[in-house]
Amino acid sequence: MSSLVHLAIIMDGNGRWAKKRNLPRAVGHLEGLKSLKKVLVGSINEGIKYLSLYCFSTENWKRPKEEVDYLMALFSNKIYGEIKTYNKLGVQIRFLGKRDGLPQKALDALDRAVEETKSNTALTLQLAINYGGQDEIARAVNKLISEGCKEVTPELIRSKFDNPDIPAADFIVRSAGEERLSNFLLFDSAYSELGFYDKLWPDWDEAMIKTVKEDYLKRERRFGGLL
Ligand code: FPP
């Protein structure tokens with residue numbers, strides 16, 4: 001039984017949570033941010049070392065402008081705004097995704113958060129923003145091409161990812177019932193365990209991470225080999 005070192009979450013269901021209450025979708029995202037904080041604390045309590053959260057995909061630009069603007073404002077204002085909390089908790093922030101297309105304000109907030117938390121060691125929080133698994137692979141291959149590489153290998157591609165020092169996720173889970181990866185961690189998910197939970201993201205809390213960890217510990221991982 002291997003321990004849960006890296007948990008990755010597709011945070012889904014903010015919109016449905018708001019709709020059920022006749023509230024604007026933006027309120028669902030704000031509630032989702034509260035869950036993010038609870039899940040972060042829960043992950044530290046459970047001894048998880050890496051937490052990756054899918055915050056905004058390369059496909060999410062297709063949403064109405066009002067919603068995209070709201071999410072960009074959250075990334076611009078709430079990430080750096082929580083820096084004291086991250087430092088108190090010992091959380092190191094990492095950015096995963098394509099910089100092109102993101103507002104400068106969001107990039108500045110992310111860069112400052114990364115810089116000012118870089119010595120923290122309790123947990124590394126990888127925020128996937130403007131992230132797509134296909135784009136991640138294409139960007140890595142393009143970097144290799146620009147360096148004159150003539151033949152790629154899986155190891156070479158991975159070495160050009162945004163955070164190659166972060167190990168592949170052990171467990172990728174998704175809230176709100178749908179069962180797909182939606183372009184998340186395509187390369188690194190080769191042998192990740194997958195888990196799908198009906199609970200909407202704004203209903204997730206510390207206790208849910210305990211459940212997720214217990215579920216993971218029941219899995220038998222063979223990585224293509226035999227037991
Ligand atoms: C998916 O729910 C959720 C998102 C696209 C946004 C997730 C973002 C957050 C939880 C906020 C993160 C903020 C910071 C500062 C890191 P959905 O809108 O697709 O829900 P639905 O499927 O029910 O419509």
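The coordinates are above.
Now for a look at the structure at hand.

Criteria and thresholds
Residues numbered from 1 in each chain as written. Predicted model: local features only at pLDDT ≥ 70, side-chain atom pairs only at ≥ 80, totals over all residues. Heavy atoms only, no water. Helix = DSSP H or I, 4+ residues; strand = E, 2+ residues; numbered from the N terminus. Axes fitted to C-alpha atoms, helices over the stretch in contact; angles between N-to-C directions. Parallel < 35°, antiparallel > 145°, perpendicular 65-115°, else oblique. Left-handed = near helix turned anticlockwise from the far one by under 90°. Contact = heavy atoms within 4.5 Å. Nonpolar A, V, L, I, M, F, W, Y, C, P; charged D, E, K, R; others polar. Near = heavy atom within 4 Å. Polar contact = N/O pair within 3.5 Å; in protein donor to acceptor, adjacent residues only side chain to side chain. 1 Å grid on protein atoms, 1.4 Å probe; cavity = no way out; pocket = protein on both sides within 12 Å on 5 of 7 lines; lining within 4 Å. Sits in = over half its atoms within 2 Å of the grid points. Salt bridge = Lys/Arg side-chain N within 4 Å of Asp/Glu carboxyl O. Buried < 20%, exposed > 50% of the residue type's maximum accessible area, 1.4 Å probe, protein only.

**Regarding the environment of L217**
Right, so step 1: Position of L217 among the secondary structure elements: in helix α8 (residues 206–217).
Right, so step 2: For L217 and L4, which are 213 residues apart along the polypeptide, the C-alpha to C-alpha distance reads 7.5 Å.

**Remarks on the packing of helix α2 (residues 25–45) against helix α3 (residues 65–81)**
Right, so step 1: Axis separation between α2 and α3 bottoms out at 10 Å; the angle between their running directions is 25°. Judged by the angle between their axes, α2 and α3 are roughly parallel. For the crossing formed where α2 meets α3, the hand is right-handed. Between α2 and α3, the contacting residues are R25, A26, H29, L30 and L33 on the first element and E67, Y70, L71, L74 and K78 on the second.
Right, so step 2: Taken together, the residues that form the contact of α2 with α3 break down as 6 nonpolar, 1 polar and 3 charged.

**Topic: the site of the ligand**
Right, so step 1: Taken together, 19 residues form the shell around the ligand, and within it D12, G15, R16, R25 and R63 come nearest.
Right, so step 2: The backbone of G15 places a nitrogen or oxygen atom 3.0 Å from an oxygen atom of the ligand.
Right, so step 3: The site holding the ligand turns out to be the largest pocket.
Right, so step 4: Broken down by secondary-structure element, the contributors of at least two residues to the shell around the ligand are α1 (14–20), α2 and α3.
Right, so step 5: Tallying contributions element by element places α2 first for the shell around the ligand, with 5 residues.
Right, so step 6: Residue composition of the shell around the ligand, by class: 8 nonpolar, 6 polar and 5 charged.

**Notes on the pattern of salt bridges**
Side chains that differ in sign of charge can pair as their charged atoms come close.
Right, so step 1: Under the defined criterion, the tally for this structure stands at 24 salt bridges.
Right, so step 2: Here R16 makes a salt bridge to E178, at a shortest N to O gap of 3.6 Å. Of this pair, R16 sits in helix α1 while E178 is found in the loop between β5 (171–174) and β6 (193–196), placing the two residues 162 residues apart along the sequence.
Right, so step 3: One salt bridge connects K37 with E82, and the closest N-O pair in it is separated by 3.0 Å. Taken together, the residues K37 in helix α2 and E82 in the loop between α3 and α4 (83–89) connect sequence positions 45 residues apart.
Right, so step 4: Since its relative accessible area comes to 35%, K37 is described here as partly exposed.
Right, so step 5: In this structure, a network of salt bridges that share partners links the residues D12, R16, R174, E178 and R180.

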